[in-house]
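The chain contents come next:
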Number of protein chains: 2
Amino acid sequence: MIEIAVDMMGSDLGPETLSEAVKNYAADHKDVAFRCFGDEKRLHPLLSGMSAVQIVDTQSIIPMEIKPLDFLRKKDSSMYKAIEAVRDKTCTAVVSAGSTGGFISGATILLRNIPGVTRAGLCAAFPTFKKGKAAVILDVGANNVNTAEDLLCFAKMGRLYAREVLGVEEPKVYTLSNGLEEGKGTDEIVKAYSLFKEQDFPGFAGNAEAREVLDGDHDVVVTPGFAGNILLKACEGTASLMNKLIKKAFMKSPITKVGYLFASSGFKDMKESMDYKKYGGAILLGVNGVAVKAHGNSDSYAFYNAIDVARRMAESHIVEKIGGMESHD
Amino acid sequence: MIEIAVDMMGSDLGPETLSEAVKNYAADHKDVAFRCFGDEKRLHPLLSGMSAVQIVDTQSIIPMEIKPLDFLRKKDSSMYKAIEAVRDKTCTAVVSAGSTGGFISGATILLRNIPGVTRAGLCAAFPTFKKGKAAVILDVGANNVNTAEDLLCFAKMGRLYAREVLGVEEPKVYTLSNGLEEGKGTDEIVKAYSLFKEQDFPGFAGNAEAREVLDGDHDVVVTPGFAGNILLKACEGTASLMNKLIKKAFMKSPITKVGYLFASSGFKDMKESMDYKKYGGAILLGVNGVAVKAHGNSDSYAFYNAIDVARRMAESHIVEKIGGMESHD
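Overview of the structure. Everything numeric in this text was worked out from a predicted model, so none of it was measured.

This part takes up the sheet that holds strand β2 (residues 32-38) of chain B. Strand pairing in a sheet takes place through backbone hydrogen bonds and is either antiparallel or parallel in direction. Residue and element names in this part refer to chain B. If you trace the 11 strands from one edge of the open sheet to the other, you get β3-β2-β1-β4-β11-β10-β5-β6-β9-β7-β8, paired in mixed fashion. Each edge of the sheet is formed by a strand with only one pairing partner; in this case those strands are β3 (53-57) and β8 (204-208). Averaged over all pairs of adjacent strands, the angle between strand axes in this sheet comes to 25 degrees, irrespective of strand direction. Note that β2 and β3 share 5 bridges and pair parallel. What sits directly across from phenylalanine 34, in β3, is valine 53. Lying on the sheet, helix α2 (residues 40-47) is in contact with β2 and β3; it crosses β3 at an angle near 165 degrees. Those strands touched by helix α8 (residues 225-251) are β5 (121-127), β6 (134-138) and β7 (173-176), and its axis lies near 30 degrees from that of β5.

In this complex, chain A contributes 51 residues to the contact, which on the side of chain B involves 51 residues. The junction of chain A with chain B conceals about 4800 Å² of combined surface from both sides, 73% of it contributed by carbon and sulfur atoms. Counting the surface chain A buries against chain B, the share from its top three residues, A:Phe129, A:Phe226 and A:Met242, is 14%. There are 8 salt bridges connecting chain A and chain B. The partner of A:Lys184 in a salt bridge is B:Glu65, with the nearest N and O atoms 3.7 Å apart. There are 14 residue pairs in polar contact (both at pLDDT 80 or more) connecting chain A and chain B.

Rotating chain A by 180 degrees and translating it 0.0 Å along the rotation axis places it on chain B, where the RMSD comes to 0.0 Å. The two molecules are tied by a two-fold rotation axis, judged by turn and shift. For chain A, the minimum C-alpha distance to the rotation axis belongs to A:Gly259 and amounts to 2.0 Å. Both copies contact each other with a shared surface, as 100% of the interface residues of chain A are interface residues in chain B too.

Okay, the environment of A:Met64 next. All names here are of chain A. Positionally, methionine 64 belongs in the loop between β3 (53-57) and α3 (68-73). Take methionine 64: its relative accessible area is 45%, and that puts it in the partly exposed class. In the structure, methionine 64 is positioned 35 residues away from serine 99 in sequence and 4.4 Å away in space, judged by C-alpha atoms.

On to the pattern of salt bridges. Per the stated rule, a full pass over the model turns up 46 salt bridges over all chains. Its salt-bridge partner being B:Arg159, residue B:Glu170 comes within 3.8 Å of it at the nearest N-O pair. Here B:Arg159 lies in helix α6 (residues 148-164) and B:Glu170 lies in the loop between α6 and β7, a separation of 11 residues in the sequence. Here B:Arg159 falls in the buried class, since its relative accessible area comes to 3%. One connected set of salt bridges, linked through shared partners, spans A:Lys81, A:Glu84, A:Arg87 and A:Asp88.

Here we come to the nonpolar core. By size, the foremost hydrophobic cluster in this structure holds 235 residues, and its most contacted members are A:Phe34 and B:Phe34. The residues touching A:Phe34, leaving out its near neighbours within four places in the chain, are A:Glu3, A:Ile4, A:Val6, A:Val22, A:Tyr25, A:Ala26, A:Ala52, A:Val53, A:Gln54 and A:Ile307.

Conventions and cut-offs
- Residues numbered from 1 in each chain as written.
- Chains lettered and ligands numbered in written order.
- Predicted model: local features only at pLDDT ≥ 70, side-chain atom pairs only at ≥ 80, totals over all residues.
- Heavy atoms only, no water.
- Pairing = 2+ DSSP bridges.
- Helix = DSSP H or I, 4+ residues; strand = E, 2+ residues; numbered from the N terminus.
- Axes fitted to C-alpha atoms, helices over the stretch in contact; angles between N-to-C directions.
- Contact = heavy atoms within 4.5 Å.
- Buried area = accessible area lost by both parts, 1.4 Å probe.
- Salt bridge = Lys/Arg side-chain N within 4 Å of Asp/Glu carboxyl O.
- Polar contact = N/O pair within 3.5 Å; in protein donor to acceptor, adjacent residues only side chain to side chain.
- Least-squares fit on C-alpha atoms with pLDDT ≥ 70 in both.
- Buried < 20%, exposed > 50% of the residue type's maximum accessible area, 1.4 Å probe, protein only.
- Core = buried A, V, L, I, M, F, W, Y, C linked by side-chain atoms within 4.5 Å.

This is the structure we're talking about:
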């Protein structure tokens, strides 16, 4: 039986949406239990009567912007309590749709890094051009700068994630850079490239440019957090801009609207291909416990998937495997 | 009379495509002359008999990947000669669709930085959600790392470009970061933010996230080159991926193909909005001369626009204005 701690507060859409996801997930998975942290007065009407769900009353919410030290003072918040449940081993995983900064600070401070991990990294699975194939990219924002050694650690963790959770047998691993050739990029990237070659890192396939990371052939891409965050948000922003333009194109006139009626089945496929909600958010890899951060605006489908990622990570014992990863395999 | 030096070699599509652009441009603009550098045997049949075009025979081509010192040894190449013509003031501007690295090295070494410019920056105008509005982003790859002072210099040059060449009256200027609040980002970004505030930089509007730079409200966005290159290529890559998916959606079945017939006028508008070829490539700002780098795969329409950017830059005397920019205006 896996027990998952859920921070029910701090999401953009409120605990109602998250409750729906928890209820649906509990109905579909009888072997998963939930400990839901939040305002009991709001949660009770939403979740009472479910045997798999325990509500834990908390007094405050972590705001969107919070400094690490301020997080530590919010011991009565739903997010603090949820992470604490993983630290105290009463739960195996924590899922939150609250403040990303708060979650990273909290999970890093309360759970601490797995021995051997130089830095924890926020890991996102991007939808790619190949339906059903994701690109695992880390770090996308837990850090600003990272050393070559951090990148090596990200690669080991990202590779484990791609194998154990996404089921990619022999993941190809890349360093994000501004050119394909060895020697391109910042000093850390150049140094990381040599390190990967030196160690004969399994699946290492050289540099990747941001242009090609979504082509479906890049299983794992490692990058310092600042550049990774730019990559993540540039892809999201461009996709959202183009989705708006597609809508606008179909809404242009009565005739183009008729076009949509005919073309809609193709565009539904496209929507499915680009469905980032399928991957349920970002994962903080490298801390002692499964920590999944759902998008702040997750609907119940996206939050359901975030819970599913947490369960699959717990079942695959990825935290333990990261702890023993020195040998690569 | 403006004379433009054109590197006719090194483009993916060959001198035939570039010649077409030169001929069309010369036909449309009687006040512009061209000095075309390349293999005379190939260029003569393409360009002979045009009074506005002078062919200069050159012996070699700069390869796609070249180290700065190797560039200096290629004195007989079309790119070297074309840049040299600007250095020697026989031409006002140089346009090339050849190696980006070679062009940046060559222009930086041969033209040198304008006094007061700490670093030259490669500047790209991105199409945005607002039709006809571009986002000017620099540096997108002339450098890897940049100091806060470089970013300030980029902002001054980018602002001049937006005003003088794109006609934006009061450009809003942003620093690219991983969060909107002051204090977010790497040390250089944080320092640059303070510097902009301290100097009361005209139009400075704080940090921008990669997600929003294409919304049409971000006139100028400054960033160190490595992060800027990731941004540029991530936007290009995602847009190209989505264009492929749109095509796939319409090609799915005979019915969706009918959909395209009805919707095509809307999608033509969309194509126009996203038309990066309109902006003709990237500009190296900060060197002593107008230096425009067209995409390697520019068709004649894109290369025509690159020439047009060069002419407008020359006419606006932006190089001289960058030289006198201490006062911001």
